[in-house]
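Listed below are the residues making up each chain.
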Amino acid sequence: MAEKKVYIGTGRRKTSVAKVRMTAGKGKITINGKDVNEYLPFPTLIMDLMQPLEVTGMKDKFDIVVDAYGGGFSGQAGATRLGIARALLEYDSPNDPQREDSFRKILKANGFITRDPRKKERKKYGLKKARRAPQFSKR
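Structural notes, computed from the coordinates. (Residues numbered from 1 in each chain as written. Predicted model: local features only at pLDDT ≥ 70, side-chain atom pairs only at ≥ 80, totals over all residues. Heavy atoms only, no water.)

## A few points about the pairing of strand β2 (residues 16-24)
Pairing between strand β1 (residues 7-13) and β2: seven bridges, direction antiparallel. When the bridges of β2 are listed, Ile-8 appears paired with Arg-21. The turn joining β1 and β2, which pair antiparallel and follow one another in sequence, is formed by two residues; a positive phi near 50° is taken by Lys-14. Relative to strand β5 (residues 62-69), β2 runs antiparallel, the two sharing eight bridges. Opposite Met-22, over in β5, you have Ile-64 as the bridge partner. (Pairing = 2+ DSSP bridges. Helix = DSSP H or I, 4+ residues; strand = E, 2+ residues; numbered from the N terminus.)

## Remarks on unusual backbone geometry
Look at Lys-14: it is not a glycine, yet its phi comes out positive at around 50°. Looking at where Lys-14 falls in the secondary structure, it is placed in the loop between β1 and β2. For Lys-14, a relative accessible area of 41% puts it in the partly exposed group. Of note, Asn-32 is a non-glycine position whose phi angle comes to about 50°, a positive value. Residue placement: Asn-32 occurs in the loop between β3 (29-31) and β4 (34-35). Take Asn-32: its relative accessible area is 33%, and that puts it in the partly exposed class. (Buried < 20%, exposed > 50% of the residue type's maximum accessible area, 1.4 Å probe, protein only.)

## Focus: the layout of surface pockets
Taken as a whole, the largest pocket spans an internal volume of roughly 180 Å³. For the largest pocket, the lining is made up of 13 residues, of which Arg-13, Gly-78, Arg-81, Thr-114 and Asp-116 are closest to its centre. Elements with a contribution of two residues or more to the lining of the largest pocket: β1 and α3 (73-91). Per-element accounting of the lining of the largest pocket gives the leading share, four residues, to α3. When its residues are assigned to classes, the lining of the largest pocket shows two nonpolar, four polar and seven charged. (1 Å grid on protein atoms, 1.4 Å probe; cavity = no way out; pocket = protein on both sides within 12 Å on 5 of 7 lines; lining within 4 Å. Points joined across faces, edges and corners; volume = space filled by probe spheres on them. Nonpolar A, V, L, I, M, F, W, Y, C, P; charged D, E, K, R; others polar.)

## Thoughts on the packing of helix α2 (residues 43-56) against α3
Packing of α2 against α3 brings their axes to within 8 Å, and their N-to-C directions diverge by 10°. On the basis of the axis angle, α2 is roughly parallel to α3. For the pair α2 and α3, contact is made by Leu-45, Asp-48, Leu-49, Gln-51, Pro-52, Leu-53 and Thr-56 and by Phe-73, Ser-74, Ala-77, Thr-80, Arg-81, Ile-84, Ala-85 and Leu-88, respectively. (Axes fitted to C-alpha atoms, helices over the stretch in contact; angles between N-to-C directions. Parallel < 35°, antiparallel > 145°, perpendicular 65-115°, else oblique. Contact = heavy atoms within 4.5 Å.)

Take a look at the structure:
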């Protein structure tokens, strides 16, 4: 029996990390052993996670297994999206990246290759939060 080729991508967002493994299949997505619809509570997160597959036309061509940890649902969904985009780039790597229909050009135009650098700002001493100062009292 022939070994199925596995495409790997790692994605990060906020404090979340998602390790994505893509194999040829029917479009089943599993996150931490659960189906994506069962794991993520909001349909918007699922839609966001599927975008790289939809723009490249690979929605029903791969089975995806994700190990996600750290952060919350939003961070994990964003990390998974980046991981899927990177795995798609690995799948398309034998083809010329200068072609008009290359995955790299399609994903870059939609902003799926760039890692979102926004993180929570650290709390500073003398303040309640990162920038929130204590309430001022005149008397």
